[in-house]
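Architecture at a glance
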Amino acid sequence: MRFVLIFVFSLWGSLAGAQGFFSMESQQDGRKWEAVGRLEIAGVAFCTGALIEERIVLTAAHCLYDPTTGARVAIEDIQFLAGWRNGRASAYRRVRRAVPHPDYAYAGPSTALRVRNDVALIELQHPIRNTTILPFDTDIRPEPGADVGVVSYAHDRSEAPSLQETCKVLSRQDGILVLSCSVDFGASGSPVFTFDGDGTPRIVSVVSAKAAAEGEAVSLGTALEEPVTVLKDILSQSANAGAGLERMTAGSRRETGAKFVKP
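Bear in mind the structure is a predicted one, so any value in this text is a computation, not a measurement.

Here we come to the overall build of the protein. Tallying secondary structure elements over the protein gives three helices and 16 strands in all. When each of the 263 residues of the protein is scored for burial, the buried share is 57%. Restricting the contact set of the protein to residue pairs at least 6 apart, pairs at least 24 apart contribute 74%. Of the accessible surface of the protein, which amounts to about 11100 Å², a share of 49% is contributed by carbon and sulfur atoms.

This is the structure:
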């Protein structure tokens, strides 16, 4: 089934007054998700990211841009807080390099193409080697009808990662996944998981934005197979990716977020 997507809301999260989003999960559940972390942006905004290698974090490309100026966020202003819960993280890491998909255009027109390429890899300054923080494997896109789950930090539950109850892949169109998953502010970059026969989670998409389709709220996710391969290749070839990015002046407010999309 093909859906007509009529609009998308911003998904950046502001640290000021944030209290989280999902309410159904216990603290016991949160201990399963230490490799999901909060990406803090200049101490005033956040996205969600997930560890896929000891020093590589997967997130949304738009999290690397200042929505006010369109400039790249300075890498020294980004920090990954693995397993952040109630004021503490299982690991804190600064960023060495940050690479958005080469075909992602932050200032480009609002189309499905923008969502499709809204993926980035962040290389940490130091690897995370901890028996409780295990990187997730990635997998191919699931078919329509497949069960998935989103693990996110979001605006009314920003202090703990939570797994939303199982939702569905509604459609695969224009290179993006249309999901029944409910997402909100702070969910940008959140990993979308499938679970194999023994319950092992594998990341199959990254949350880019939320939209309305046929009067129902949906979320939009990127494909991963080719984009992750491309980004890893860029990281392996470029020793200076993410260098020389603009630093925000003191006292300025920076927020990250998806733009409206009207495919």
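Any aromatic ring pair is given by two values, namely how distant the centres are and how the planes are angled relative to each other. A complete count under the given rule lists seven aromatic pairs for this structure. With centroids separated by 4.8 Å and ring planes inclined at 65 degrees, the aromatic side chains of Phe136 and Phe193 adopt a geometry described as edge-to-face. Pair noted here: Phe136 is in the loop between strand E8 (120–124) and strand E9 (137–138) and Phe193 is in strand E14 (residues 191–195), with a separation of 57 residues, a long-range link. Under the relative-accessibility criterion, Phe136 is labelled buried at 8%. According to the relative accessible area criterion, Phe193 is buried, its value standing at 0%. One aromatic cluster is present, built from ring pairs that chain together Trp33, Phe136, Phe193 and Phe195. The ring of Phe46 has Arg38 sitting right over it, with the charged end atom 5.3 Å from the ring centre.

Regions with low pLDDT carry predicted coordinates that are not meant to be interpreted in detail. Residues with a pLDDT of 70 or more make up 73% of the protein, whose mean pLDDT is 77. The secondary-structure element of the protein with the lowest mean pLDDT is helix H1 (residues 27–30), recorded at 42, while strand E5 (residues 56–59) shows the highest, at 98. Low pLDDT, under 50, characterises residues 12–31; the predicted model gives this stretch 67 contacts beyond four residues in sequence or across chains. Throughout residues 241–263 the model reports pLDDT below 50, and contacts reaching past four residues in sequence, or to other chains, amount to 81 contacts.

Another point: the state of the cysteines. Scanning the entire structure with this criterion turns up two disulfides. A sulfur-sulfur separation of 2.1 Å characterises the disulfide bridge that pairs Cys47 with Cys63. Here the S-S torsion is close to -100 degrees, and the disulfide linking Cys47 with Cys63 is therefore left-handed. In this pair, Cys47 sits in strand E4 (residues 45–53) while Cys63 sits in the loop between E5 and strand E6 (78–82), placing the two residues 16 residues apart along the sequence. The pair Cys47 / Cys63 is uniform in exposure class, with both members buried. Each bonded cysteine in the protein gets a number by its place in the sequence, and the pairs come out as 1-2, 3-4.

A few words now on the environment of Leu170. Positionally, Leu170 belongs in strand E12 (residues 167–173). Taking the relative accessible area as the measure of exposure, Leu170 reaches 29% and is therefore partly exposed. Placed 49 residues apart in sequence, Leu170 and Ser219 show a C-alpha to C-alpha distance of 9.8 Å.

Secondary-structure assignment places Thr194 in strand E14. Separated by 55 residues in the primary sequence, Thr194 and Asp139 place their C-alpha atoms 8.5 Å from one another. If we skip the residues at most four places from it in the chain, Thr194 touches Pro142, Asp147, Val148, Thr200, Pro201, Arg202 and Val204.

All told, the structure shown has nine salt bridges when counted by the stated rule. Ionic pairing is found between Glu53 and Lys232, a salt bridge with its closest N-O pair at 2.9 Å. Residue Glu53 is located in strand E4, and its partner Lys232 is located in helix H3 (residues 225–237); the two are separated by 179 residues in the primary sequence. We note a salt bridge from Arg172 to Glu143, for which the minimum N-O separation is 3.7 Å.

Here we come to unusual backbone geometry. In this structure, Asn86 is a non-glycine residue whose phi angle is positive, near 50 degrees. In this structure, Asn86 sits in the loop between E6 and strand E7 (91–100). A relative accessible area of 48% places Asn86 in the partly exposed class.

Our focus in this paragraph is the side chain of Arg38. Residue position: Arg38 is located in strand E3 (residues 36–41). A relative accessible area of 2% places Arg38 in the buried class. At 2.7 Å, the side chain of Arg38 forms a polar contact with the side chain of Glu40.

The rules behind each value
- Residues numbered from 1 in each chain as written.
- Predicted model: local features only at pLDDT ≥ 70, side-chain atom pairs only at ≥ 80, totals over all residues.
- Heavy atoms only, no water.
- Helix = DSSP H or I, 4+ residues; strand = E, 2+ residues; numbered from the N terminus.
- Buried < 20%, exposed > 50% of the residue type's maximum accessible area, 1.4 Å probe, protein only.
- Contact = heavy atoms within 4.5 Å.
- Areas by Shrake-Rupley, 256 points an atom, 1.4 Å probe, with all protein chains shown as cover.
- Phe/Tyr/Trp six-rings, centres within 6.5 Å; stacked < 30°, edge-to-face > 60°.
- Lys NZ or Arg CZ within 6 Å of the ring centre and 35° of its normal.
- pLDDT = per-residue confidence, 0-100.
- Disulfide = S-S within 2.5 Å.
- Salt bridge = Lys/Arg side-chain N within 4 Å of Asp/Glu carboxyl O.
- Polar contact = N/O pair within 3.5 Å; in protein donor to acceptor, adjacent residues only side chain to side chain.

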